Amino acid sequence: MDFVIIDSVLIKCYGKDRDVAIPDGVTSIGDSAFQWRTKLTSITIPDGVTDICTRAFYTCSNLSSITIPNSVTSIGDGAFSKCESLKSITILGSATSIGDNAFSGCTRLKNITLSNGVTSIGDGAFYCCSSLTCITIPDGVTSIGKEAFSGCSSLTSVIIPDSVTSIGHGAFYDCTSLKSIMLPNGVTSIGDDAFSSCKSLTSITIPDSVTNIGDRTFSSCYSLKSITLPNDVTSIGNYMFYGCSKLKSFTIPDSITGIGHGAFSGCKSLTSITIP
């Protein structure tokens, strides 16, 4: 395979090789450098590469595994999006950020190991990774982006560290196999639709640190039987528990000053609400 390299940036490649080793001396894999290389099955990234840029491997549909070396500090937006054969990813050492939609649409991705250096997981980072079964979010991550794990329909286990303070809009939307989740004490904000349509979710632990919960956060969680809101939450958002058909009782904390439209609509099993 032939490469176009300018100032240590791999700009483009030409050829139909299935197994590719990026030359030593490259420090950045440029925007769309390998985009649509559908015959590519494996790639070796050398130590020394620091950046994998936007859509660098977009729709490399036969790429099955990849190890990202210690030297890489950032993984750009859509870098591996729609790599539909990608089954495992290991991100070593220095990577601090995972860009928006970085691995979205990697429908066969089952295993991912994130480096301890990661501090942010971008919007839609693992959107519709429908084969992903578990994820351990490293210590140091402070935010989980909008729709970061939305549509991860096989996800059964999520470990969230104490460092996380916010869970974005729709972060775990439609994670239909997720049965339980414990949020750490550092979380202060849970976005709109964060756990909406988690149809198998039976329990969730919300810490006292949470002060803001968005609209529709638990809507269509058909299996949710009980939930306790922290005392510092001041409002129950619009359609927050819409369609939670197995929710039997609910106690409204003393701190609540407003209840949104349709908050308990479709809660067919709800027999008691305690109002302060």
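That block above? That's the structure.
Residues numbered from 1 in each chain as written. Predicted model: local features only at pLDDT ≥ 70, side-chain atom pairs only at ≥ 80, totals over all residues. Heavy atoms only, no water.

Engineer: Please set out the packing of aromatic side chains residue by residue, giving values where relevant.
Structural biologist: Taken as a whole and assessed by the stated rule, the structure comprises 14 aromatic pairs. With a centroid separation of 5.3 Å and 0° between ring planes, the pair formed by Phe80 and Phe103 is classed as stacked. Here Phe80, found in the loop between strand S8 (74-75) and strand S9 (88-91), pairs with Phe103, found in the loop between strand S10 (97-98) and strand S11 (111-113); they are 23 residues apart in sequence, far enough to count as distant. Relative accessible area serves as the criterion here: at 0%, Phe103 is assigned to the buried category. Considering the side-chain rings of Phe172 and Phe195, the 5.5 Å spacing of their centres and the 5° angle between planes classify their relative orientation as stacked. Separated by 23 residues along the polypeptide, Phe172 in the loop between strand S16 (166-167) and strand S17 (180-182) and Phe195 in the loop between strand S18 (189-190) and strand S19 (203-205) bring together distant segments of the chain. Each member of the pair, Phe172 together with Phe195, is buried. These aromatic residues form a ring-pair network of at least three members: Phe34, Phe57, Phe80, Phe103, Phe126, Phe149, Phe172, Phe195, Phe218, Phe241, Phe250 and Phe264. (Phe/Tyr/Trp six-rings, centres within 6.5 Å; stacked < 30°, edge-to-face > 60°. Helix = DSSP H or I, 4+ residues; strand = E, 2+ residues; numbered from the N terminus. Buried < 20%, exposed > 50% of the residue type's maximum accessible area, 1.4 Å probe, protein only.)

Engineer: I'd like a description of unusual backbone geometry, backed by residues and values.
Structural biologist: Its identity is not glycine, yet Asn101 carries a phi of approximately 55°, on the positive side. Relative to the helices and strands, Asn101 resides in the loop between S10 and S11. Of note in the backbone geometry, Cys128 takes a positive phi value of approximately 60° without being a glycine. Structurally, the position occupied by Cys128 is in the loop between strand S12 (120-121) and strand S13 (134-136). The partly exposed category is assigned to Cys128, whose relative accessible area is 28%.

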